[in-house]
Amino acid sequence: MKIAVKIAFMAAATIPAAASAQEAGRMLSLDEAVAVTLTENPALKAAAYEERAAQQQRRAAIGLRMPQINVTGAYAYMAKDIGFDFNDLKGPVKEGVAGGLTALVQNGLIPADKIPTLQGLLNPMMDADWFLKVQDQSLGFVGGEVTVPIWMGGKINAANRAARINEKTAVAQSDQTRNALISELVERYFGLALATQVVAVRQQVVDGVRRHLEDARALERNGMIAQTERLYVEFKMAEAERELANAKLQAETIASALSNTLGRESDWRPVTAMFLLAKVEDLAYYQDLAQARNPLLSQVSLKRELAQEGVRAQRADFLPQVAAIGGGSFYNYQVAGLVPRWAVGVGVNIKIFDGLNREYKYSAAKQTVRRVGELQNKAGKDIAVLVEKLYNQMMNYRNQMTSIDASLKFAEEYLRMKNAAFLEGMSSSSDLIDAELNLAGVRTERLQAAYNYDLLLARLLEAAGISDEYPSYARRNDAQAVLFDGSRSGN
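These lines cover the structure that appears in this document, whether it is placed above or below. (Residues numbered from 1 in each chain as written. Predicted model: local features only at pLDDT ≥ 70, side-chain atom pairs only at ≥ 80, totals over all residues. Heavy atoms only, no water.)

1. Observations concerning the sheet that holds strand β9 (residues 342–349)
The sheet built from 4 strands is open, its strands ordered β2-β5-β8-β9 with antiparallel pairing. Two strands bound the open sheet, and with one partner strand each, they are β2 (68–77) and β9. Neighbouring strand axes in the sheet, compared pairwise and without regard to direction, differ in orientation by 25 degrees on average. (Pairing = 2+ DSSP bridges. Helix = DSSP H or I, 4+ residues; strand = E, 2+ residues; numbered from the N terminus. Axes fitted to C-alpha atoms, helices over the stretch in contact; angles between N-to-C directions.)

2. Details of helix α8 (residues 283–293)
The α-helix winds at 3.6 residues per turn, so residues separated by three or four positions along the chain end up facing the same way. Residues of α8 that are buried: Leu-283, Tyr-286, Leu-289 and Ala-290. The buried residues of α8 occupy one face: seen down the axis, they fall within an arc of 130 degrees. The outward face of α8, more than 90 degrees from its buried face, is lined by the exposed residues Asp-288 and Ala-292. (Buried < 20%, exposed > 50% of the residue type's maximum accessible area, 1.4 Å probe, protein only. Arc of directions from axis to C-beta.)

3. Topic: the packing of helix α6 (residues 155–221) against helix α9 (residues 295–315)
For any two helices packed against each other, the geometry is given by the interaxial angle and the distance between the axes. Here α6 crosses α9 at 165 degrees, and the two axes come no closer than 9 Å. Considering the angle they form, α6 stands roughly antiparallel to α9. Handedness of the α6/α9 crossing: left-handed. Among the residues forming the contact of α6 with α9, the class breakdown is 9 nonpolar, 7 polar and 7 charged. (Parallel < 35°, antiparallel > 145°, perpendicular 65-115°, else oblique. Left-handed = near helix turned anticlockwise from the far one by under 90°. Nonpolar A, V, L, I, M, F, W, Y, C, P; charged D, E, K, R; others polar.)

4. Topic: a nonpolar patch on the surface
A surface patch of nonpolar side chains, amounting to about 1200 Å² of accessible area, comprises Ile-150, Trp-151, Phe-318, Leu-319, Val-346, Val-348, Ile-350, Ile-352, Phe-353, Leu-356 and Tyr-360. Only β5 (138–151) and β9 provide two or more residues apiece to the nonpolar patch. Tracing the backbone shows Ile-350 in the loop between β9 and α10 (357–423). (Patch = residues over 30% accessible without salt bridge, like charges linked within 9 Å, V, L, I, M, F, W, Y side chains within 5 Å. Areas by Shrake-Rupley, 256 points an atom, 1.4 Å probe, with all protein chains shown as cover. Salt bridge = Lys/Arg side-chain N within 4 Å of Asp/Glu carboxyl O.)

5. Focus on the packing of aromatic side chains
Inspection of the entire model under this criterion finds 8 aromatic pairs. Feature note: the residues Tyr-189, Phe-190, Phe-275 and Tyr-470 constitute an aromatic cluster, connected by ring pairs. The positively charged end of Arg-476 is found above the aromatic ring belonging to Tyr-473, 3.9 Å away from the centroid. (Phe/Tyr/Trp six-rings, centres within 6.5 Å; stacked < 30°, edge-to-face > 60°. Lys NZ or Arg CZ within 6 Å of the ring centre and 35° of its normal.)

6. Side note on the pattern of salt bridges
Summed over the entire model, instances satisfying the criterion amount to 25 salt bridges. A salt bridge links Glu-239 to Lys-236; the nearest nitrogen and oxygen atoms lie 3.3 Å apart. Residue Glu-239 and its partner Lys-236 are located together in helix α7 (residues 227–262), separated by 3 residues, close to a single helical turn. Here Glu-239 falls in the partly exposed class, since its relative accessible area comes to 22%. Ionic pairing is found between Arg-443 and Glu-412, a salt bridge with its closest N-O pair at 3.5 Å. Remark: Glu-412 occurs in helix α10 and Arg-443 occurs in helix α11 (residues 429–464); sequence separation between them is 31 residues.

So, to be careful, I would describe these as geometric facts and stop short of saying anything about function.
This is how it looks when you write it as structure tokens:
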């Protein structure tokens, strides 16, 4: 007896759920899961902060063109006053005056008794301190200075271009994180859907084997089968229960992983079924998209541009640097009046020789450009190969579904025949159990193939840089839901 548990498909829509399923957990469609992930996931929040930081760094680089204005203040106490000391001239002056007075007396110009009086008049001057103070030993001031860059050899322009490149790189990294998260979400969302359906398959096996065990016990009591056949069914019953328990544990693990991706804790229940597309665009379409929109290739291209700006920045060291400067004091404390209160001017710096430091750095920057260029070429080829690999693997699982569907029909019919034969005593219990397990295996293989197809589609779109379009792929008219009972449902 087949279990008619169908998961109706809408890429953005949900299937009607039984009341017991609604009680078991929160229903979640794929579109809702994408919206929650892009809002709540910590990795995407961190990428947004990185992007904002790059924006602020770009704005900071603009400030390199602006005048730099500083306010400074200082106070100093020196060991002594600054000035000119003439005390050493007192002796020669005193001797010269005495000689001059003697000459005047000898020439009869002044009487000799006037000399003591004249010398007394000179004593106060000789006793005074002959130190001329220019600056007091205690002084302080408050002032400001302005520096305006006029020409830095192109270094400021290179810094601004580099900041803009870094901002674009942060955006590309954010896009890469976003695309990777959508692929991770698809892996865990449909992984939980797969695990849940595998649990249902294992539960069906347990229910089927239990019925066979009841029939085997009744047939054994009537003497229609041997004890060994009943024991074989009991052995398979224990094995089926163990497989069911393992499937439930697997589903719990994937549910925890899904909550981690969503950034919210809950007992999630996916309601968007796994699907297959009747047709997709050709390989060249995705390869062209990858070369134009893959975030990793964009980052490599931006790294090359950044390396080129590094060359320009190193080249600026060979050129003169010119800046206008000006400054003045607003308040002075015991500062000598000889010191000017303001000054303006232009400064030029030309580096003549620095031990070949500039030459080697310039050469290293050019080598970096060449290295990144080679990496860019390799990355482009690697992405093209990756897109081709993912595309071919995805189409392979799509093609496998035809043969798996045929195997499923045969397994269902084979089980029906073996069950009828067993009840009539025409078949052994081992044949019946093997038919039951074979059907479960084919159903699991079919679900696994659909899961692999959806996961590869997500990774293909990630490589092409269009992961945001995944939900729209699930809503296409040719999207066919892979249902539990082996049928398919179109949109």
